[in-house]
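One letter stands for each residue in the lines below.
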Amino acid sequence: MSDDHSLPMPDFSPAMLKGFLHARVKMEFYMAAYPNAPLKAGVDQVRREAGLRGELRKRAGVSAGDFKRAWSGLGVDLEARLKLWRALGVSPTAHGVRLIGADQQEWMARRRADDAA
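Residues numbered from 1 in each chain as written. Predicted model: local features only at pLDDT ≥ 70, side-chain atom pairs only at ≥ 80, totals over all residues. Heavy atoms only, no water.

Asker: I keep staring at the overall build of the protein chain and nothing clicks. Help me out?
Answerer: A count of helices and strands for the protein chain gives five helices and two strands. The order of α-helices and β-strands along the protein chain, N terminus first, is α-α-α-α-β-β-α. The buried share of the protein chain, reckoned over its 117 residues, is 32%. Residue pairs in contact within the protein chain that sit at least 24 positions apart in sequence constitute 54% of those at least 6 positions apart. When the accessible surface of the protein chain is totalled, it reaches about 7200 Å², and 56% of it is carbon and sulfur. (Helix = DSSP H or I, 4+ residues; strand = E, 2+ residues; numbered from the N terminus. Buried < 20%, exposed > 50% of the residue type's maximum accessible area, 1.4 Å probe, protein only. Contact = heavy atoms within 4.5 Å. Areas by Shrake-Rupley, 256 points an atom, 1.4 Å probe, with all protein chains shown as cover.)

Given below as structure tokens:
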């Protein structure tokens, strides 16, 4: 990654976290529901997705309240954000981004340059 940051910063906002959480639950549901016909997804979908949300929350190691806020696209504290992204297999730092507080982020290289000044 270059220091000029000519590429747009990856988005690790609460809205993006919400999108990833929803997508993961849907993906896991359909992977489990569709391997064998006949499909009865409509009957089981709500219950199974609730179970998958619970499994994802436990895998992340966050409280039910933090998970519900993130699921709704609301900010959660930094530790919970990091745990949720890790549970999704996403590392903001691998993309050169440092998460700050409940809903902010910054380029890591830019911050280091600012600190050196």
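The structure having been displayed, the exposition proceeds.
Asker: Please clarify how the packing of aromatic side chains should be interpreted in this entry.
Answerer: Aromatic ring pairs are reported here in terms of the distance separating the ring centres and the angle at which the planes meet. Scanning the model with the defined rule gives four aromatic pairs in all. Between Phe20 and Trp85 the ring centres are 5.1 Å apart and the planes differ by 70°, which places this aromatic pair in the edge-to-face class. Residue Phe20 is located in helix 1 (residues 14–33), and its partner Trp85 is located in helix 4 (residues 78–87); the two are separated by 65 residues in the primary sequence. Judged by its relative accessible area of 0%, Trp85 falls in the buried class. Ring centres of Phe29 and Tyr30 lie 4.9 Å apart, and the angle between their planes is 75°; this geometry places the pair in the edge-to-face category. Here Tyr30 falls in the partly exposed class, since its relative accessible area comes to 32%. Among the aromatic side chains, those forming a connected cluster through ring pairs are Phe12, Phe20 and Trp85. Its end group placed over the ring of Trp71, Arg53 keeps NZ or CZ at 5.2 Å from the ring centre. (Phe/Tyr/Trp six-rings, centres within 6.5 Å; stacked < 30°, edge-to-face > 60°. Lys NZ or Arg CZ within 6 Å of the ring centre and 35° of its normal.)

Asker: Explanation requested: helix 3 (residues 64–71) in the structure shown.
Answerer: Note that an α-helix has 3.6 residues per turn; residues three or four places apart therefore point the same way. Listed as buried for helix 3 are Asp66, Phe67, Ala70 and Trp71. One side of helix 3 carries all its buried residues, which in axial view fall inside an arc of 135°. Gly73 occupies a position one or two residues after helix 3 and carries a positive phi of about 85°. (Arc of directions from axis to C-beta.)

Asker: Hey, could you run me through the nonpolar core in this one?
Answerer: Here is a general trend for soluble globular proteins: nonpolar side chains tend to be buried in one another's company. Formed by 23 residues in total, the largest nonpolar core has its most connected members in Leu17, Leu21, Leu56, Phe67, Leu84, Trp85 and Leu88. Of all elements in the fold, only helix 1, helix 2 (41–60), helix 3, helix 4 and strand 1 (97–100) reach the threshold of two or more residues within this core. Leave out the neighbours within four places in its chain, and Leu56 touches Leu21, Arg24, Val25, Phe67, Ala87 and Leu88. (Core = buried A, V, L, I, M, F, W, Y, C linked by side-chain atoms within 4.5 Å.)

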